[in-house]
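Observations on chain architecture
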Amino acid sequence: YEVNFSVQDGKRVVLYPKEEEPVNILNIKRGIISALLVPDDAQETSNMDTVYGKCEIRAVKKESTDITVNTDLKSCDQFTPYRDYVSPIAFFKGLNTQLSTLVSSSQSCQYTLEAKRRHVSEASCVETHLLLPFSYKNQYGMMAKVTQNLKLEDSTKTNNREFSDSQFVKGLAMEAEVPPSSSEEAVLENLRELQKSSTTEQNQQRASRFHKLVTALRTLNNETLGPLVPSLMELSSPIAIQALIQCGTPECFGAILQVLRTGDMSPVLSDTVTYALGLLPSPCTKRVRELLNMAQYTQSRAAFYALSHAVSNFYEERNTITPELRDVADFMSSLIDNECTGDQDKTFLALKTIGIMGNVLEEANPQIKLSILRCVRSSAPSADVQKAAIQALRKMSITDD
């Protein structure tokens, strides 16, 4: 696809690609455009659009046709690592943000300008990423260098400034590409090959085959993975469970809980795994939904507490109320209806759970506080339930009532 773009004030770049253009191809073109942008040589320090977002650059003019541009990439507003899914039982996981502070990243570009028209005739850019704990004087040690050389060989005479068919507008910063989804048959085929390898003296291939299985599972969504779980368990439940545990996506967490709900698992194992999933960092809406489904199905202490921890951590990180949080609030409210006169053990557990995430539930459903107050004032529930109802208010806002 031909890419159209405009440059405003030599700093702000807008792309007008085709809507169906692949992201990885567009990113390549972004890199080329970014490497050819030369700042106004009248300003030594300025902000410019690059593939890493808006960056603060320093330009040094050596001669009339030679310019050197230096950039500290960590100053760019979109220079952030992409977080990928990893095994929840891995020794090192979720360290993207912390590790990014241990890396020094810079870029230096040298431009040669055409004397008459002042356009770029040659560009050479070098990116350096230095791991600071294993470096010396911030310039020697463990590093990665990326070199990009561009030289103008020829150009067409046309200069089309009409973008009438370009309704799709993009910035210059790179985008993450969504990996293609695997088919159900590909997942099953990897599992079959794993089964065969132990009987065909090909054990040396098991590690790479297992990696392929886990990678394929990570691309499946709930609509695909859910119906596939029974077939995986029927082929080989030990391998399937190991792969789902290593997977780390919300869909795989849901598949694990699906196995716990539908399989012949001991309550102790089911509660242990469910509670462990609730304690994992950085919960998302999908994980909250899966834990809610588990809590509604089992109504055990572990499931309730796992749900409350996930909801509290999610709200602490995102500070937003989603449909999933409203459904959690409605479910917990339904357990204490009618002045807590239902099953006293389950009501007591529900009130304890509400106390852990009270501020979130109050934000999601303000009526839940009135239900708790009715439990406090009612003489029908036991004294322990009334005390639990008072404690359930500990994270909610205090009013005259």
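Heads up: these notes are all about the structure in this document. (Residues numbered from 1 in each chain as written. Predicted model: local features only at pLDDT ≥ 70, side-chain atom pairs only at ≥ 80, totals over all residues. Heavy atoms only, no water.)

1. Looking at the pairing of strand S5 (residues 66-72)
This is how the line gets drawn: Pairing between two strands is assigned when DSSP locates at least 2 bridges connecting them. Counting from the N terminus, the helices are the DSSP runs of H or I reaching at least four residues and the strands are the DSSP runs of E reaching at least two.
Relative to S5, strand S4 (residues 53-63) runs antiparallel, the two being bridged by 6 bridges. Residue pairing for S5: Ile57 is matched across the bridge by Thr71. The turn linking S4 back onto S5 is made up of 2 residues. Here S5 pairs with strand S6 (residues 103-113) via 7 bridges, running antiparallel. If you follow Val69 over to S6, its bridge partner there is Cys109.

2. Quick word on the nonpolar core
As a reminder of what qualifies: Throughout, nonpolar core names a set of buried Ala, Val, Leu, Ile, Met, Phe, Trp, Tyr and Cys residues whose side chains join them through atoms within 4.5 Å. Three exposure classes are used, based on accessible area relative to the maximum for each residue type with a 1.4 Å probe and protein chains only: buried under 20%, partly exposed in between, and exposed over 50%.
Counting residues in hydrophobic clusters, the biggest one holds 70 residues, and the most contacted among them are Leu217, Leu232, Phe304, Val328, Met332, Ile336 and Ile354. Ranked by size, the runner-up nonpolar core spans 23 residues in total, among them Leu26, Leu37, Tyr52 and Leu172.

3. A short note on helix H14 (residues 367-377)
The line we're drawing: Pairs of residues are marked as contacts when any of their non-hydrogen atoms sit within 4.5 Å.
If you check which residues of H14 are buried, you get Ile368, Lys369, Ser371, Ile372, Leu373 and Cys375. Contacts from the buried residues of H14 go to helix H10 (323-335), helix H11 (337-340), helix H12 (344-356), helix H13 (358-364) and helix H15 (383-391).

4. With respect to the pattern of salt bridges
Close approach of charged atoms allows side chains with opposite charge to pair. Keep this limit in mind: Salt bridges are defined by distance alone: a side-chain nitrogen of Lys or Arg within 4 Å of a carboxyl oxygen of Asp or Glu.
Scanning the model with the defined rule gives 10 salt bridges in all. Across the salt bridge formed by Glu175 and Arg30, the nearest N and O atoms sit 3.0 Å from each other. Here Arg30 lies in helix H1 (residues 23-35) and Glu175 lies in the loop between strand S8 (140-151) and helix H3 (184-197), a separation of 145 residues in the sequence. Judged by relative accessible area, Arg30 falls into the buried class, the value being 1%. The partner of Arg289 in a salt bridge is Asp327, and the shortest N-O contact between them spans 2.7 Å. Of this pair, Arg289 sits in helix H8 (residues 285-298) while Asp327 sits in helix H10, and the two are 38 residues apart along the sequence.

5. Some points on the sheet that holds strand S3 (residues 45-50)
To keep it simple, the criterion reads: In this analysis, axes come from line fits to C-alpha atoms, helices being fitted only over the stretch in contact, and the angle between any two N-to-C directions falls in the range 0 to 180 degrees.
In space, the 6 strands of this open sheet follow the order S3-S4-S5-S6-S7-S8, with antiparallel pairing throughout. If you trace the sheet from one side to the other, it starts and ends with S3 and S8, each paired once. For this sheet the average axis-to-axis angle between neighbouring strands, irrespective of direction, equals 25°. Note that S3 and S4 share 6 bridges and pair antiparallel. When the sheet's bridge partners are listed, Thr45 is paired in S4 with Arg58. The sheet strands contacting H1 are S3, S6, strand S7 (120-136) and S8, and the helix crosses S8 at an angle near 85°.

6. Concerning the packing of helix H9 (residues 301-318) against H10
Cut-off, in case you're wondering: The scheme is simple: roughly parallel for angles under 35 degrees, roughly antiparallel for over 145, roughly perpendicular for 65 to 115, oblique for anything else. By convention the crossing between two helices is left-handed if the near helix lies anticlockwise of the far one by an angle smaller than a right angle, and right-handed if it lies clockwise. Gly counts as polar in this scheme, as do all residues outside two lists: the nonpolar Ala, Val, Leu, Ile, Met, Phe, Trp, Tyr, Cys and Pro, and the charged Asp, Glu, Lys and Arg.
Closest axis-to-axis distance for the H9/H10 pair is 11 Å, and the angle between their directions is 140°. Taken together, H9 and H10 sit at an angle that is classed as oblique. As H9 runs across H10, the sense of the crossing is left-handed. Between H9 and H10, the contacting residues are Phe304, Leu307, Val311, Phe314 and Tyr315 on the first element and Leu325, Val328, Phe331, Met332 and Leu335 on the second. Of the residues assigned to the contact of H9 with H10, the class counts are 10 nonpolar, no polar and no charged.

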